[in-house]
Amino acid sequence: MDKPPVVIELTHDEALVLSDWLASSDFFNSLPAPAEADRCALWALEARLDKILVEPFAANYRELVAAARRNLTTNEKDPS
């Protein structure tokens, strides 16, 4: 029996920061190495984020990610 997909809502800033971390992190070469199933799940998440985000193709990508990180940390400190 197929299970229904799980839907997770992220803010755009969360998606951008997570996508950047997945693309640039060293989790594939880290010790201890993630299990094969973990790698598959992370690759699937990265692929789905890659399909919806346009920022990685922007000339000012680094600045956009930095702004998203600032937004997230600012919002975390001030939830209003």
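Cut-offs and rules
- Residues numbered from 1 in each chain as written.
- Predicted model: local features only at pLDDT ≥ 70, side-chain atom pairs only at ≥ 80, totals over all residues.
- Heavy atoms only, no water.
- Helix = DSSP H or I, 4+ residues; strand = E, 2+ residues; numbered from the N terminus.
- Buried < 20%, exposed > 50% of the residue type's maximum accessible area, 1.4 Å probe, protein only.
- Contact = heavy atoms within 4.5 Å.
- Areas by Shrake-Rupley, 256 points an atom, 1.4 Å probe, with all protein chains shown as cover.
- Salt bridge = Lys/Arg side-chain N within 4 Å of Asp/Glu carboxyl O.
- Patch = residues over 30% accessible without salt bridge, like charges linked within 9 Å, V, L, I, M, F, W, Y side chains within 5 Å.
- Axes fitted to C-alpha atoms, helices over the stretch in contact; angles between N-to-C directions.
- Parallel < 35°, antiparallel > 145°, perpendicular 65-115°, else oblique.
- Left-handed = near helix turned anticlockwise from the far one by under 90°.
- Nonpolar A, V, L, I, M, F, W, Y, C, P; charged D, E, K, R; others polar.

A. Highlighting the overall build of the chain. Looking only at helices and strands, the chain has three helices and zero strands in total. In sequence order, the secondary structure elements of the chain are arranged as α-α-α. Counting only residues that meet the buried cut, the chain has 20% of its 80 residues in that class. Sequence separation of at least 24 residues holds for 70% of the intrachain contacts in the chain that already meet a minimum separation of 6. Working note: accessible area of the chain is about 6,400 Å², and carbon and sulfur atoms make up 59% of it.

B. View of the side chain of Asp 20. With respect to the helices and strands, the residue Asp 20 is situated in helix 1 (residues 12–24). What makes Asp 20 buried here is its relative accessible area of 4%.

C. Representation of the pattern of salt bridges. For the structure shown, the criterion picks out two salt bridges. For Arg 69, the salt bridge goes to Asp 20, with nearest N and O atoms at 2.9 Å. Residue Arg 69 is located in helix 3 (residues 61–77), and its partner Asp 20 is located in helix 1; the two are separated by 49 residues in the primary sequence. Through salt bridges with shared partners, a single network forms among Asp 20, Arg 62 and Arg 69.

D. Spotlight on a nonpolar patch on the surface. Judged by side-chain polarity, Val 6, Ile 8 and Leu 10 come together as a nonpolar surface patch covering roughly 340 Å² of accessible area. Positionally, Val 6 belongs in the segment before helix 1.

E. Structural context of the packing of helix 1 against helix 2 (residues 36–52). Where helix 1 contacts helix 2, the axes come no closer than 10 Å and their chain directions differ by 130°. As judged from the angle between their axes, helix 1 and helix 2 are oblique. For the pair helix 1 and helix 2, the crossing hand works out as left-handed. Every residue of helix 2 that contacts helix 1 at Ala 15, Leu 18, Ser 19, Leu 22 and Ala 23 is listed here: Leu 42, Leu 45, Glu 46, Leu 49 and Asp 50. Its residues assigned to classes, the contact of helix 1 with helix 2 shows seven nonpolar, one polar and two charged.

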